[in-house]
Amino acid sequence: MDFVFVDELPPIQGRTTIDNERAEELLDEMLANPGKWAKVPYVWLYPDAEGLAEKKLIGRARNLSNRIHRGEIRPFSEYPCESRARKTDCYIRISATKRHLKEMGF
């Protein structure tokens, strides 16, 4: 039998998992820059999705943005976040003033 060898695994075709360390890193940066939009590629938060077709990534970015905006994705649900998708990127911001953040203990 002839075996095929590859340098990297192909992307998972089903579910992908958010990288919690990256999500926490993003939240720290967003807390330091309240009201500013962070441009985040979908595959940065979901590295398992690397290599998926652009059409799939666009759909996943839209879905993620909508779920963040509705407060359904942890750890973003702990803060008042807004999110919008543009192609394969999500634009996310904490929509709290510095005063609100101070009241929340930040």
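Residues numbered from 1 in each chain as written. Predicted model: local features only at pLDDT ≥ 70, side-chain atom pairs only at ≥ 80, totals over all residues. Heavy atoms only, no water.

**Q** Let's hear about the pairing of strand β2 (residues 81–86): which residues, and what values?
**A** In this sheet, strand β3 (residues 89–94) lies alongside β2 in antiparallel orientation, the contact comprising 6 bridges. Note on β3: the bridge partner recorded for Glu82 is Arg93. Here β2 hands over to β3 after 2 residues, with Lys87 in that stretch at a positive phi of 55°. (Pairing = 2+ DSSP bridges. Helix = DSSP H or I, 4+ residues; strand = E, 2+ residues; numbered from the N terminus.)

**Q** Let's hear about the nonpolar core: which residues, and what values?
**A** In terms of nonpolar packing, the biggest core is built from 28 residues, with Leu26, Met30, Tyr42, Leu45, Leu64, Phe76 and Ile94 touching the most fellow members. Listing elements by their share of this core, those giving two or more residues are α1 (20–32), β1 (38–41), α2 (42–45), α3 (54–69), β2 and β3. Top contributing element to this core by residue count: α1, with 5 residues. (Core = buried A, V, L, I, M, F, W, Y, C linked by side-chain atoms within 4.5 Å. Buried < 20%, exposed > 50% of the residue type's maximum accessible area, 1.4 Å probe, protein only.)

**Q** An account of the sheet that holds β3 is needed here, citing residue identities and associated values.
**A** In space, the 3 strands of this open sheet follow the order β1-β3-β2, with antiparallel pairing throughout. Of all strands in the sheet, those bounded by a partner on one side alone are β1 and β2. In this sheet, neighbouring strand axes are inclined to one another by 25° on average, regardless of whether the strands run parallel or antiparallel. Looking at chain direction, β1 and β3 are connected through 4 bridges and run antiparallel. Across the sheet, the residue bridging to Val40 is Cys90, located in β3. Along the sheet, α1 makes contact with β1, β2 and β3, crossing β3 at roughly 50°. Relative to β2, α3 is tilted by about 165°, and along the sheet it contacts β2 and β3. (Axes fitted to C-alpha atoms, helices over the stretch in contact; angles between N-to-C directions. Contact = heavy atoms within 4.5 Å.)

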